Amino acid sequence: MSSDETRRARRTPGCRPRRPGRLDPAGAEAIAGAPDPAELADAAHTTAQVLVHRGRASDDPDVVARLVTLVETEGMETIAALWSGSPADSLPGVLWRLYALRTWVRSDARIVADRYRQGVSAAAVHDVVAGVAQLPSAADVVQLVDQVLTGVYTRDLDVALERAAAFCRVVATGTAFDADHLDVVDSVGADRATRSAASLLRTADELAGAADLWRQGRLE
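Reading the values: the criteria
- Residues numbered from 1 in each chain as written.
- Predicted model: local features only at pLDDT ≥ 70, side-chain atom pairs only at ≥ 80, totals over all residues.
- Heavy atoms only, no water.
- Helix = DSSP H or I, 4+ residues; strand = E, 2+ residues; numbered from the N terminus.
- Buried < 20%, exposed > 50% of the residue type's maximum accessible area, 1.4 Å probe, protein only.
- Contact = heavy atoms within 4.5 Å.
- Areas by Shrake-Rupley, 256 points an atom, 1.4 Å probe, with all protein chains shown as cover.
- Axes fitted to C-alpha atoms, helices over the stretch in contact; angles between N-to-C directions.
- Parallel < 35°, antiparallel > 145°, perpendicular 65-115°, else oblique.
- Left-handed = near helix turned anticlockwise from the far one by under 90°.

*Asks:* Help me out: how do you make sense of the overall build of the protein in this one?
*Replies:* Looking only at helices and strands, the protein has 12 helices and 0 strands in total. Of the regular secondary structure in the protein, the N- to C-terminal order runs α-α-α-α-α-α-α-α-α-α-α-α. Every one of the 220 residues in the protein was classed for burial, and the buried ones make up 35%. At a minimum sequence separation of 6, the contacts of the protein that also span at least 24 residues come to 69%. A total accessible area of about 12900 Å² is found for the protein, and carbon and sulfur atoms account for 53% of it.

*Asks:* Is there a simple way to think about the side chain of Asp 178 in this case?
*Replies:* Position of Asp 178 among the secondary structure elements: in helix α11 (residues 157-182). Those residues in contact with Asp 178 that lie beyond four places of it in its chain are Arg 115 and Gln 118.

*Asks:* Teacher, can you tell me more about the packing of helix α4 (residues 61-68) against helix α10 (residues 138-154) here?
*Replies:* When two helices pack together, their arrangement is captured by the angle between the axes and the distance separating the axes. Packing of α4 against α10 leaves a shortest axis separation of 9 Å and a crossing angle of 125°. With respect to each other, α4 and α10 are oriented oblique. In the packing of α4 onto α10, the handedness of the crossing is right-handed. Every residue of α10 that contacts α4 at Val 64, Leu 67 and Val 68 is listed here: Asp 146, Leu 149, Thr 150, Tyr 153 and Thr 154.

Next up, the structure:
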């Protein structure tokens, strides 16, 4: 069709483009909207309880190993979508914090080990509770977080949470020391370290609180 014919067709009433039709109520309801928050919460609690029960009911070390390495198989995005919105005083919220802690430690193991070494003599926790060597290597801190998650599925969950909380407090203390050192030469880095220390302390408090709830039979 030539350009003149195209212009004439556009002016012809029968060739006018149709207006979008109106969506009736039934059709509108058929379009999937945002997930129901109540359904998401139910899914988070159900999956957390199933995983913990499965790990604690199994004598197979391969099952526990797969649960510990869940992020590697399912992806951090999947874990976050499932549990990251859960409150700290819930089982899915606790699992999210532990898996997030493990992911962070594995990605920055050298820095974490250095900050642990700085903080271990000053943090108000017993080193045995933290469960890591006095002068840990990067491999030591990675091993610790794996041991903590293993404990969630095989031992007393409150003890595992207390170990994780103590570890967070030690690393938070070392991170605060780092912030003081950086303040002289890198104010931006110092501010970032200060925020990280505060976040670790908040996580430590949340994990310790969850340990108390577990002992009371109220962590769901």
